[in-house]
Amino acid sequence: MASDQEINSQRVKQLLGKPGNGNCADCGAADPEWASYTLGVFVCLSCSGLHRNIVQISKVKSVLLDPWSSSEVEFMDSVGNNAAKAIFEQIVPAFYYCPTQKDCMLLREQWIRAKYERKEFQLVERQEPYSAELSEHVAECLGGRILLPKLTRNYVKEGFMEKTGPKHTEGFKKRWFTMDDRRLMYFKDPLDAYARGEVFIGCEENGYTVLPGLPPNTQGYHWQFGITIVTPDRKFLFACETEEDQKDWIAAFQTVIHRPMLPQEYAGKLKMIVNFSLGSFVDRCFSSLKIKFDSVPLKSGQ
Ligand SMILES: [Zn+2]
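Residues numbered from 1 in each chain as written. Predicted model: local features only at pLDDT ≥ 70, side-chain atom pairs only at ≥ 80, totals over all residues.

Here we take up the sheet that holds strand β2 (residues 41-43). The strand order β2-β1-β3 describes an open sheet built from 3 strands, whose pairing is antiparallel. Where the open sheet ends on each side, the last strands, each with one partner, are β2 and β3 (60-62). Looking at each pair of strands side by side, their axes are set apart by 30 degrees on average, direction ignored. Judged from the 3 bridges that link them, strand β1 (residues 34-36) and β2 form a sheet pairing that is antiparallel. Across the sheet, residue W34 finds its bridge partner in β2, namely V43. (Pairing = 2+ DSSP bridges. Helix = DSSP H or I, 4+ residues; strand = E, 2+ residues; numbered from the N terminus. Axes fitted to C-alpha atoms, helices over the stretch in contact; angles between N-to-C directions.)

Below, the structure is given as structure tokens:
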């Protein structure tokens, strides 16, 4: 007669056949053979290694090799990849890049930490504002607006500037800007609860520069005192009403640009790297993005 342990071992292997459990809960790789028995998900070997970096919330075991207790098997049965996805990926922003098995460990670790450790996709309040390049691009594609929550804290600098869109042909619009360290967020109105977008400002070594003035071919009417922020991805054009404003903003940008990035700031940088390939990604996945996009808080009539 089979021992309890053999029965449990058989049962947990059978769970791999349940819908959703046939692919890694985090990267989608086929035939996962590992499981987080505290989160209730089946994951591939590579992602199981990343779960080991968040031992306070995820404990992993091999489905095939490790002994399983009845309660662990029951828990895995009660959750599983589909149910976990419904919980941990409730509100993944449309423009958030969800890595696959082909992506590097760094990307997948960010995803796993955002999902399980920071629980960013369960509560909107836990989501960090996302890069403007990206939200503008998606908003443009979808003809909608992505609004980012304004954080209540003291900003390095706040004030009105004019900005133009990614193509530099959209005309300049007056916006309220707040600079929170490396995050330059902009709002239609200072009292708005949600930002219209955000520009991530990295450091010199990574190709970020701030210059007074605007490129000579800049179109449209705008305030006199221009500022150009050069990022590895594109140029952001701003215009200030007074020279004093222009100087203050440039000084604020230079402070962060001249400061090397801290390891934790690379999470923001990472999102930017991901954004580089998003143009084609958006086109390719337009329909699936649209579905997710609808779950991002939207405000109309602006
Ligand atoms: Zn995986």
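Here the focus is the pairing of strand β7 (residues 183-187). In terms of residue burial, β7 counts as a mostly covered element, since 5 of its 5 residues are buried. Where burial is concerned, the two faces of β7 agree: the one with R183, M185 and F187 and the one with L184 and Y186 are both buried. In this structure, strand β6 (residues 173-180) lies alongside β7, joined through 5 bridges in antiparallel fashion. Considered in β7, the bridge of T178 is made with M185. What sits between β6 and β7 in their antiparallel hairpin is a turn of 2 residues, with D181 showing a positive phi close to 55 degrees. Pairing geometry for β7 and strand β9 (residues 197-200), over 4 bridges, is antiparallel. If you follow R183 over to β9, its bridge partner there is F200. (Buried ≥ 20, exposed ≤ 12 C-beta atoms within 10 Å, placed from the backbone.)

Our next topic: the confidence of the model for the chain. Across the chain, the average pLDDT comes to 80, with 75% of residues at or above 70. Confidence over residues 130-153 falls short of pLDDT 50; this stretch has 73 contacts with residues more than four positions distant or in other chains. Note that residues 268-302 has pLDDT below 50 and, in this model, 50 contacts with residues that lie over four places away or in other chains. (pLDDT = per-residue confidence, 0-100. Contact = placed C-beta atoms within 7 Å.)

This next bit is on the sheet that holds strand β10 (residues 209-212). Overall, antiparallel pairing links the 7 strands, which are arranged β9-β7-β6-β5-β12-β11-β10 in an open sheet. Strand pairing shows two members of the sheet lacking a second neighbour, β9 and β10, which therefore form its edges. The average angle at which neighbouring strand axes cross in this sheet is 35 degrees, direction not considered.

Buried residues of helix α4 (residues 80-88): G80, N81, A84 and F88, and no others. Buried residues of α4, viewed axially, fall in a sector of 120 degrees; they line one side. (Arc of directions from axis to C-beta.)

For G220, the location among the structural elements is in the loop between β10 and β11 (225-230). C-alpha separation for the pair G220 and T169, spaced 51 residues apart in sequence, amounts to 7.5 Å. In contact with G220, other than residues within four places in its own chain, are T164, G171 and F172.

What follows deals with the environment of N23. Mapping N23 onto the fold places it in the loop between α1 (4-15) and β1. Given 17 C-beta atoms within a 10 Å radius, N23 is considered partly exposed. With 20 residues separating them in the primary sequence, N23 and V43 have C-alpha atoms 7.3 Å apart.

With that out of the way, let us pick up the packing of α1 against helix α3 (residues 70-78). Packing of α1 against α3 brings their axes to within 9 Å, and their N-to-C directions diverge by 15 degrees. When the axes of α1 and α3 are compared, the pair comes out roughly parallel. Of the two elements, α1 crosses α3, and the hand of that crossing is left-handed. Facing α1, whose interface residues are D4, N8, R11, V12 and L15, α3 presents S70, V73, M76 and D77. Partitioning the contact of α1 with α3 into residue classes produces 4 nonpolar, 2 polar and 3 charged. (Parallel < 35°, antiparallel > 145°, perpendicular 65-115°, else oblique. Left-handed = near helix turned anticlockwise from the far one by under 90°. Nonpolar A, V, L, I, M, F, W, Y, C, P; charged D, E, K, R; others polar.)

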